[in-house]
Amino acid sequence: MAVLNKIRQRSLILILVIALALFSFVIGDLFKNSDALTGGSQDVVATINGTDINRVEFQQKVKNYQDRSGGRQTSTQSMNAIYSQELRRIVLESEFEELGLSVEKDEMRDLLKLSFSSYPEFQDANGNFDVNRLNAFIANLKDLNGETAPLGNFLVNYESWTNNEQTIAASAKQQTYYNLVKAGLSTTISEAEEEYFGDAKTVDIKYVQVPYTTIDDSAVEVSKSDITAYMKNHEATYKTDATTEVVYVEFKEEASKADEDKIKADLLALKSDRTEYNENSKNTETIPGFDSATDIEEFVNSYSAIKYNDAFLRAAQLPTVAKDTLMKLAVGEYYGPYKDGEFYKLSKIIDTKQLPDSVKVRHILIPHVGGQRADASVTKTPEQAKATADSIYTAIKGGTKFMDLLDLSSDKVSNEEDGEIEFDYLAGMAPEFKAYAFDNKEGDIAVVQTSFGYHIIEVLEQKSFNKAVKVATIASKIEPSDETLQNVFNTMSKFEIAIKDGDFNALAKEGNLTVKPITFNALDENIPGLGSQREVVRWSFDDDTEAGDYKNFPISNFGFIVAKVVEKREAGLMSTEDASITALPAIRKEKKAKLIREKLSASTVADIANNQGQSARTAAALTINNTTLSGAGVEPKVIGAAFGLAQGATSKPIDGEKGVYVIEVTKVTEATKLENYTAIMNRLNSERRNTVQTEVFKALENAAEIEDNRAKTVY
């Protein structure tokens, strides 16, 4: 009791202590994520030129986009699409606002007239657009307080109408803006002349190339400082976003050999009868096996993952792995269990038959409402179509000629061929139509229903008879057992525990696991072979995840992976190791060019070629607009140098793409000036104006102030 009294006396103190502990926990978490205190980036997907994209509104647009796409887009693809739309809208609106571009009331009415003048709701008695009707319609929508009203084939409310108006206004502003830019684009006569001379003026040269390959790579030393300096001089090329380098191993949930052996054994066990105690009848009953089953369809459908097919099949219609054997079996014989894709199968020949490979039939088609490809002129119900088809069949059986009734058929294509159609068994015909044509005999006639309606079909000719088989196949999907699944999970768990204090790569090798590396950008979602795994990417970029951290991830329809973060790189220049892939060859080329230039003491092409053990070559009719040098490939610097020399002049050494060049201009053919350059000017104007929208938006986007928080807020 004394203890209880003490607790009661100090209960207020205990409550305060607990409250303070909880408060410090919450406050600590808030400071850890400072955005929670400020209402910052966690609610803002991105800020573009000072305009925020709200997370909730953004996610609603993403959902609407996914709904419209019918699930064909992943969530990340949908988010990127909506982000691009919002980015474009805000960047352009910023520009419009700065320029003072707007759509005034009168212009809006003209735009609405252009968009809706064909709607009867906005036309007067003479069919002319009536602005008063438009105004009345808009006023009525406003009074409906969110309720919808019909417009053409649509139902609209005031909100959807205003959204549409905003879309029309935005399109109009964009068109005005781009037209202004296009109006400012023009080609001068000098530019047209330059374009003309770029193709018309030609130069012939003699040249010698000293290839970079004449100096071995080992003779050129490239240091890390060289690569760093090269990266700084080519910063745009080597600038990267933030990335994480991750390695992972896979633990696949796939059937073991023991699982497959059991599946095969279970299939074989189905062949024989078995006894089973019946709790209801209190008797031991004999369950028929595959050998003695009388209802094959029921038996197969009871035990197989693939339903019974009662059709006769040709060799080409059988599984590739089994067709040769199945075609040789007699009725009652088995093949299997055999592996076919994701299944083990046990097949039994039920019947054999000689069937044609191609047929010729003629038919009359009576369609009905709701039938496939039935147009508005079709008015018969299925029952009426059936009655018509039966009466035609009766008439033909009574002696009326088939040809005399073709006008009743809706198949105008076959009617032009006297109603005849010739096709083979692989043709894409309606299944019921095809089955009747191949499974019956020449001269047979019947009414057959398909998705198109009712056909009166007469079999005219059957050719190329070959063996066909009716096969009963029990298929079991190859899946891991519960024991195998548990073993996979245990193996994964043991590996994850071991890497806490062990080496990831060494332990993977010990477990015969392949270590797969991958580098993520913050907005990536896919892992090759595993599809969309956004959770892995998000974890690798999380502020709490550090280099060396690891985690397991369940992968749908696959199993697990255990991933480890190797390195997290901030945005900036890439590492010298990564940059060396492209920088190293370029630096070597620069150093080799310097060594080659130092060796060139002669002053003529012929002497240099002789001294360096190379051949002097020629190239004729070079133009400034074509950078390909005959015998050497694409060499823009060499071509450009040729047009900077007078006839008879020899160049200094030129560092080209494949070697160091010295050229001598042997002939310059000047182009004859044109009297008029209008055609060239018009062509250049057209080319430039066609690229306005793309190029202008690129420039605006590059100039925009963008803070992109997608990776932290919605991805």
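Preceding this paragraph is the structure being described.
As the structure is a computational prediction, the values presented were derived from the model and not from experiment.

### Details of the sheet that holds strand S2 (residues 51-54)
Point 1. Read across the open sheet, the three strands follow the order S2-S1-S26; overall the sheet is antiparallel. Edge positions in the sheet fall to S2 and strand S26 (706-708), since each has one partner strand and no second. Neighbouring strand axes in the sheet, compared pairwise and without regard to direction, differ in orientation by 15 degrees on average.
Point 2. Sitting on the sheet, helix H5 (residues 75-99) is in contact with strand S1 (44-48), S2 and S26, with an inclination near 30 degrees to S1.

### Some thoughts on the packing of H5 against helix H8 (residues 158-183)
Point 1. Following both chains from N to C, one finds H5 and H8 inclined at 65 degrees, their axes separated by 11 Å at the closest point. Along this stretch, H5 crosses H8, giving a crossing that reads as left-handed. From H5, Arg88, Leu92, Glu93, Glu95, Phe96 and Leu99 reach across to H8, where they touch Ala170, Lys173, Gln174, Tyr177 and Tyr178.
Point 2. Its residues assigned to classes, the contact of H5 with H8 comprises six nonpolar, one polar and four charged.

### Brief notes about helix H13 (residues 296-303)
Point 1. What H13 keeps buried is the set Ile296, Phe299 and Val300. Seen along its axis, H13 keeps its buried residues to an arc of 95 degrees; they face one direction. The exposed set on the far side of H13, more than 90 degrees from its buried face, consists of Glu298 and Ser302.

### What to know about the side chain of Lys345
Point 1. Residue placement: Lys345 occurs in strand S11 (residues 343-366).
Point 2. Polar contacts involving the side chain of Lys345 include one to the side chain of Asp340, which spans 2.7 Å.

### What about helix H21 (residues 576-599)?
Point 1. At Thr582, H21 shows its maximal kink, close to 55 degrees; a proline, Pro585, follows between one and four residues later.
Point 2. Within H21, the full set of buried residues consists of Thr576, Ala579, Ser580, Ala583, Ala586, Ile587, Lys592, Ala593 and Ile596.
Point 3. On its buried face, H21 is in contact with strand S5 (202-211), helix H10 (224-233), helix H11 (235-238), strand S24 (654-655) and strand S25 (659-669).

### Concerning the layout of surface pockets
Point 1. Considered as a void within the structure, the second largest pocket measures approximately 630 Å³ in volume.
Point 2. If you trace the second largest pocket, you find 17 residues lining it, with Lys61, Gln85, Glu86, Arg89 and Thr167 closest to the centre.
Point 3. Here the element with the most residues in the lining of the second largest pocket is H5; it accounts for eight residues.
Point 4. Residue classes in the lining of the second largest pocket are distributed as four nonpolar, seven polar and six charged.

### A short note on the packing of H10 against H21
Point 1. Close contact between H10 and H21 brings their axes to 9 Å; oriented N to C, the two are set at 90 degrees. Compared by their axis directions, H10 and H21 come out roughly perpendicular. Of the residues in H21, those touching H10 at Lys224, Asp226, Ile227, Thr228, Tyr230 and Met231 are Thr576, Glu577, Ala579, Ser580, Ala583, Ala586, Ile587, Glu590 and Lys591.
Point 2. Class assignment of the residues belonging to the contact of H10 with H21 gives a composition of seven nonpolar, three polar and five charged.

### Overview of the pattern of salt bridges
Point 1. Scanning the entire structure with this criterion turns up 35 salt bridges.
Point 2. For Lys206, the salt bridge is made with Glu664, and the minimal N-O distance between the two is 4.0 Å. Of this pair, Lys206 sits in strand S5 while Glu664 sits in strand S25; the two residues are 458 residues apart in sequence, bridging distant segments of the chain.
Point 3. Note that Arg710 is salt-bridged to Asp708, the shortest N-O span being 2.7 Å.
Point 4. Here Arg710 falls in the buried class, since its relative accessible area comes to 8%.
Point 5. Residue classification places Asp708 among the partly exposed positions, given a relative accessible area of 34%.
Point 6. Taken together, the salt bridges that share partners define one network made up of Glu245, Glu567, Arg569 and Asp578.

### Observations concerning the side chain of Arg362
Point 1. Along the chain, Arg362 falls in strand S11.
Point 2. Within the local environment of Arg362, its side chain forms a polar contact with the side chain of Glu458, the two groups lying 2.9 Å apart.
Point 3. When residues no more than four places from it in sequence are discounted, the contact partners of Arg362 are Phe402, Met403, Asp418, Gly419, Glu420, Ile456, Ile457, Glu458 and Leu460.

Parameters and conventions
- Residues numbered from 1 in each chain as written.
- Predicted model: local features only at pLDDT ≥ 70, side-chain atom pairs only at ≥ 80, totals over all residues.
- Heavy atoms only, no water.
- Pairing = 2+ DSSP bridges.
- Helix = DSSP H or I, 4+ residues; strand = E, 2+ residues; numbered from the N terminus.
- Axes fitted to C-alpha atoms, helices over the stretch in contact; angles between N-to-C directions.
- Contact = heavy atoms within 4.5 Å.
- Left-handed = near helix turned anticlockwise from the far one by under 90°.
- Nonpolar A, V, L, I, M, F, W, Y, C, P; charged D, E, K, R; others polar.
- Buried < 20%, exposed > 50% of the residue type's maximum accessible area, 1.4 Å probe, protein only.
- Arc of directions from axis to C-beta.
- Polar contact = N/O pair within 3.5 Å; in protein donor to acceptor, adjacent residues only side chain to side chain.
- Bend = angle between axes of the 7 residues up to and from the residue.
- 1 Å grid on protein atoms, 1.4 Å probe; cavity = no way out; pocket = protein on both sides within 12 Å on 5 of 7 lines; lining within 4 Å.
- Points joined across faces, edges and corners; volume = space filled by probe spheres on them.
- Parallel < 35°, antiparallel > 145°, perpendicular 65-115°, else oblique.
- Salt bridge = Lys/Arg side-chain N within 4 Å of Asp/Glu carboxyl O.

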